[in-house]
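As a plain string of letters, each chain reads:
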Amino acid sequence: MKKLALFLCILVLVTITGCNKEIKTEYSLNETATIDDIEITMTKASYSNNILEVEFKIKNERNNTISIAPDTYFKLYDINQVQIPNKYENDNNMIKKGDTITLTLQYNIQEKSIYEILFYSGIVENNIKFTITGLNK
């Protein structure tokens, strides 16, 4: 009986420890984040003439069509924590179930050694960060 109780205690501890997985929230170039049934990959980043241009491949794994508004879902902040607006007009921000689009973002920003673009899914716990480094010449 004592062995059974010890076994059950160990099993409970292993189960509780296994549930404490850390969720990745920071991504770099060509890493895919999956959030709320949306796959997002930053596929390109470049800087020229005070313009940071970033491309994302976004795949909709939801059961419905979604709309991605760049300034609502993707945010880049300046040093004073003021959001920098996206300048690029994408042809299509609607993504049907199972479809993939390329979304281009352009920001007028001074050159920095690191850029962080935040993706807000609408659920606070599901925010992720795309980090861009190494663009300086």
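Look up a bit, the structure's there.
Note that the structure is a prediction, hence the values are computed from the model and not measured.

Colleague: Which parts of the structure should I look at to understand the nonpolar core?
Modeller: Nonpolar side chains tend to gather and get buried jointly when the protein is soluble and globular. In this structure, Ile40, Leu52, Phe56, Ile58, Phe74, Tyr107 and Phe130 are the most contacted members of the largest nonpolar core, which totals 29 residues. Looking at this core, the elements with two or more residues in it are strand E2 (32-35), strand E3 (38-48), strand E4 (51-60), strand E6 (74-77), strand E9 (100-108), strand E10 (114-119) and strand E11 (128-133). The residues contacting phenylalanine 74, other than those within four sequence positions of it, are Ile40, Phe56, Ile58, Ile68, Ala69, Gln83, Leu103, Leu105, Tyr107, Ile117, Leu118 and Phe119.

Colleague: For this particular structure, what's the right way to read the sheet that holds E10?
Modeller: Neighbouring strands of a sheet are bound in pairs by backbone hydrogen bonds; such pairs are parallel or else antiparallel. One open sheet accounts for five strands, arranged E1-E11-E10-E6-E7; its pairing is mixed. One side of each edge strand has no neighbouring strand; the edge strands of this open sheet are strand E1 (26-27) and strand E7 (83-84).

Colleague: Help me out: how do you make sense of the pairing of E11 in this one?
Modeller: Sheet faces and side chains relate simply in a regular strand, where the side chains alternate between the two faces. Buried residues dominate E11, accounting for five of its six residues. As judged from the two bridges shared by E1 and E11, these two strands associate in the parallel manner. Counterpart to tyrosine 27 in the pairing with E11 is phenylalanine 130. Sheet topology places E10 next to E11; six bridges connect them, and they run antiparallel. Across the sheet, the residue bridging to leucine 118 is lysine 129, located in E11.

What counts, and where the lines are drawn
Residues numbered from 1 in each chain as written. Predicted model: local features only at pLDDT ≥ 70, side-chain atom pairs only at ≥ 80, totals over all residues. Heavy atoms only, no water. Core = buried A, V, L, I, M, F, W, Y, C linked by side-chain atoms within 4.5 Å. Buried < 20%, exposed > 50% of the residue type's maximum accessible area, 1.4 Å probe, protein only. Helix = DSSP H or I, 4+ residues; strand = E, 2+ residues; numbered from the N terminus. Contact = heavy atoms within 4.5 Å. Pairing = 2+ DSSP bridges.

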